[in-house]
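What follows is each chain in one-letter form.
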Amino acid sequence: MCTGWGEERCTSISGGRRGRGVVLHPWLCVSLLFSALWGQVSPQCPASCQCAWDTATVQCSDAGLRDIPEGIPPETVSLHLERNYIRSIPETAFRDLLHLRDLYLSHNRIDSLASGALRHLGPELRLLDLSHNQLRQANREEFGSTRAKTRLFHNPWHCDCTLQELMETLNLEPETVNGIMCESSVRGMGEGSRWEDPGSQGEHAGQSLVKLLDSGVNFCSLQRKTTDVAMLVTMFVWFFMVIVYVVYYVRQNQAEARRHLEYLKSLPSPRKTPTETDTLSTGF
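Owing to the predicted nature of the structure, the values given are computational and were not obtained by experimental measurement.

A. Looking closely at the pattern of salt bridges. Enumeration according to the criterion identifies eight salt bridges in this entry. Measuring nitrogen to oxygen at the nearest pair gives 3.9 Å for the salt bridge that ties Arg119 to Glu91. Pair noted here: Arg119 is in the loop between strand S6 (112-113) and strand S7 (127-129) and Glu91 is in the loop between strand S4 (88-89) and strand S5 (102-104), with a separation of 28 residues, a long-range link. Here Glu124 and Arg101 are joined by a salt bridge, their closest N and O atoms 4.0 Å apart. Separated by 23 residues along the polypeptide, Glu124 in the loop between S6 and S7 and Arg101 in the loop between S4 and S5 bring together distant segments of the chain. Through salt bridges with shared partners, one network takes in Asp129, Arg151 and Glu173.

Structure follows, in structure tokens:
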């Protein structure tokens, strides 16, 4: 039998006055009380999203979002943000989602990741989908230590040493790894000429990054060679400038010495006076 707040609640719901109301069963009163309390403590679903509390899934697909929504419940296990207009991922976007297992970010306009943007994702993350975006460059710091299966295909990647090191670190999805294509690449030794268009994409443009690495292409080696050549050219230029300065300095000193010698020659030679001559003769 209901007592106290529960009895009043049951009586008011029955529609009659306290003396005429029908007292409900105790289990129904407990259910109503639990529902009232759950409504006060249950997390709120972000605007433009739909939340399934039984599966801890937050569905924000096709919502016209331009940024990562705020107020995502910390208990979220699966987060769908695909097919929106998101351009960047800030560092604190997923800081509180320690239980996240699946993160879908495909078919957006993401072109940059903040340093450590994915660092806060917990070890439970199983899938990270960044396919069909506008990513050109990325490094290991942005992905942190995640070991989730990662999708990076259909992005306009610029293939260089930094991207190569990232690929060697991530757990790429085998089914989609060949779709990681080089839209442009770092230039190697002797590639191109001084008259070539500066916007040239490089000899590896349009090729699969993984297949290039498997064939023996090493972008880190190419980059080091290019850096070494640049350092040698810089050192040669500085050496040439030092030689020119030394030659100029020596010639200037020689010219100053000649002018000083000519000045000394132009001075009248000192002549002996008659008194000095007589004194010398008398002495002998």
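B. Structural detail: the side chain of Asp160. Secondary-structure assignment places Asp160 in the loop between strand S9 (157-159) and helix H4 (161-169). In terms of polar contacts, Asp160 uses its side chain to reach the backbone amide nitrogen of Leu163, at 3.1 Å.

C. Molecular detail of the state of the cysteines. Here the structure, examined in full by the defined rule, presents four disulfides. Through a disulfide, Cys45 is tied to Cys51; the S-S separation comes to 2.0 Å. Between Cys45 and Cys51, the S-S dihedral sits near 85°, and the bridge is therefore right-handed. What pairs with Cys159 in a disulfide is Cys182, and their sulfur atoms sit 1.9 Å apart. On the sign convention where negative means left-handed, the S-S torsion of about -95° between Cys159 and Cys182 marks this disulfide as left-handed. Separated by 23 residues along the polypeptide, Cys159 in strand S9 and Cys182 in strand S11 (residues 182-185) bring together distant segments of the chain. Relative accessible area serves as the criterion here: at 1%, Cys159 is assigned to the buried category. A relative accessible area of 1% means that Cys182 is categorised as buried.

Conventions adopted
- Residues numbered from 1 in each chain as written.
- Predicted model: local features only at pLDDT ≥ 70, side-chain atom pairs only at ≥ 80, totals over all residues.
- Heavy atoms only, no water.
- Salt bridge = Lys/Arg side-chain N within 4 Å of Asp/Glu carboxyl O.
- Helix = DSSP H or I, 4+ residues; strand = E, 2+ residues; numbered from the N terminus.
- Polar contact = N/O pair within 3.5 Å; in protein donor to acceptor, adjacent residues only side chain to side chain.
- Disulfide = S-S within 2.5 Å.
- Buried < 20%, exposed > 50% of the residue type's maximum accessible area, 1.4 Å probe, protein only.

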